[in-house]
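Secondary and tertiary structure notes
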Amino acid sequence: MAFEAVYLQSVRKQFIMYKTLGENAIAQLSEQELYFQPESNSNSIAIIVQHLHGNMISRFTNFLTEDGEKPWRERDKEFLLPAGFNREGEVAALWAEGWDCALNAIDQLTPAELGNTIKIRQQPLLVLDAINRQLTHYASHVGQIVYLAKMIKGAAWKSLSIPKGESDLFNQEMAKKFTTG
């Protein structure tokens, strides 16, 4: 398989991994906890979800043919929650719609298109670079979501990776998994 096709499969897996990581962190929180802000200049998880949605919809709608910063996007409003914003409505719906838009755009790409040039805020970027840029952007925000959720839950937090003090056990299990077929 050509490198470009392998890259598209790999990057899709990475997007799904971060989507799942964020979902698993959010699932541990109550409705009220989604709106926690450590201080007034910080973003809550609900705000981060709203921002991710705005970015994903803007960047990945007509990905190959339009500038990734759409004229209809109101980025500054992404950091203000409208009245009535809630988990079951807006948070879940925006999360799903944003990730679906990004993943659908990636699914529609052909390996040959990775070398095409697109624009984000008029800046020319190779499709490959634009995807990497978005992946790192989303990973940083999912990291914020996980960190905030862990801070909120404290001792009740259920680890999404290897729990502290369990690295040796994890490594032993991995060794068993990959050395015994």
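Per-chain numbering applies: the sequence of each chain, read as written, is numbered from 1 onward. Local features in this predicted model are restricted to residues of pLDDT 70 or higher, and side-chain atom pairs are both shown and tallied only at a pLDDT of 80 or more, whereas totals for entire chains, interfaces and linings draw on every residue. Water and hydrogen atoms play no part in the side-chain values, which are based on all heavy atoms of the structure.

If you tally the helices and strands in the chain, you get 5 helices and 2 strands. Working definition: helices are DSSP H or I runs of at least four residues, strands are E runs of at least two. Numbering for both runs from the N terminus. Taken from N to C terminus, the helices and strands of the chain fall in the order α-α-α-β-β-α-α. Projecting the C-alpha coordinates of the chain onto the three principal axes gives extents of approximately 55 × 50 × 25 Å. Burial here depends on accessible area, computed with a 1.4 Å probe over protein chains only, as a share of the maximum for the residue type. Under 20% is buried, over 50% is exposed, and the range in between is partly exposed. Across the 181 residues in the chain, those meeting the buried criterion constitute 39%. Any two residues whose heavy atoms approach within 4.5 Å are treated as being in contact. Within the chain, contacts between residues at least 6 apart in sequence are counted, and of these 73% link residues at least 24 apart. Surface summary for the chain: the accessible area is close to 10,400 Å², and the carbon and sulfur share equals 55%. Counted as positive: Lys and Arg. Counted as negative: Asp and Glu. His and the chain ends are not counted at all. For the purpose of locating charges, the reference atoms are NZ of Lys, CZ of Arg, CG of Asp and CD of Glu. Side chains of the chain carry 18 positive and 21 negative charges; the gap between the two charge centres is 4 Å. Calculation of accessible area relied on Shrake-Rupley with a 1.4 Å probe; when residues are assessed, cover is drawn exclusively from the protein chains displayed.

Turning next to the layout of surface pockets. Rolled over the atoms, a probe as big as a water molecule pinpoints where empty space is left. Taken as a whole, the largest pocket spans an internal volume of roughly 200 Å³. Taken together, Val146, Lys150, Trp157, Ser159, Leu160, Ser161, Ile162, Pro163 and Lys164 make up the full set of residues lining the largest pocket. Only Asp, Glu, Lys and Arg are considered charged in this grouping, and only Ala, Val, Leu, Ile, Met, Phe, Trp, Tyr, Cys and Pro are considered nonpolar; every other residue, Gly among them, is considered polar. Tallied by class, the residues present in the lining of the largest pocket amount to 5 nonpolar, 2 polar and 2 charged. Approximately 160 Å³ is the volume attributed to the second largest pocket. Per-element tally for the lining of the second largest pocket: the top contributor is helix α3 (residues 87-108), with 4 residues. Residues belonging to the lining of the second largest pocket are distributed by class as follows: 6 nonpolar, 4 polar and 1 charged. Definitions used for this entry: grid spacing 1 Å over protein atoms alone; cavity, a set of points where a 1.4 Å probe fits but cannot get out; pocket, an open set with protein on both sides within 12 Å along at least 5 of 7 lines; lining residue, one with an atom within 4 Å of a point. Grid points are joined across faces, edges and corners, and a volume is the space filled by probe spheres set on the points.

Before going further, it helps to examine the packing of aromatic side chains. Any Phe, Tyr or Trp ring, taking Trp's six-membered ring, that has another such ring centre within 6.5 Å forms a pair; planes under 30 degrees apart are called stacked, those over 60 apart edge-to-face, and the others tilted. Tallied over the entire structure, the rule returns 7 aromatic pairs. With centroids separated by 5.1 Å and ring planes inclined at 25°, the aromatic side chains of Phe60 and Phe63 adopt a geometry described as stacked. Across the pair, exposure class does not vary: Phe60 and Phe63 are buried alike. Here the aromatic rings of Trp95 and Trp99 are separated by 5.6 Å at their centres, their planes lie at 55°, and the arrangement is tilted.

Once that is clear, we can look at the nonpolar core. With 44 residues, the main nonpolar core has Phe15, Ile45, Phe60, Phe63, Ile131 and Ile145 as its most contacted residues. Mapped onto this core, the elements with two or more residues apiece are α1 (3-26), α2 (45-60), α3, β1 (117-120) and α4 (127-153). Top contributing element to this core by residue count: α4, with 10 residues. Not counting residues up to four positions away in its chain, the partners in contact with Ile131 are Tyr7, Val11, Phe15, Phe63, Leu109 and Leu114. In plain words, nonpolar cores are sets of buried Ala, Val, Leu, Ile, Met, Phe, Trp, Tyr and Cys residues tied together by side-chain atoms within 4.5 Å.

This part is about α4. Compared with the 39 Å implied by 1.5 Å per residue over 27 residues, the 39 Å span of α4 between its first and last C-alpha is a close match. Where α4 ends, the next residue or the one after it, Gly154, has phi of about 55°, a positive value. Take the number of residues in a helix, subtract one, and multiply by 1.5 Å to get its expected span.

A word on the side chain of Ser58. Structurally, Ser58 is set in helix α2. If we skip the residues at most four places from it in the chain, Ser58 touches Asp67, Gly68, Glu69, Lys70, Trp72 and Arg73.

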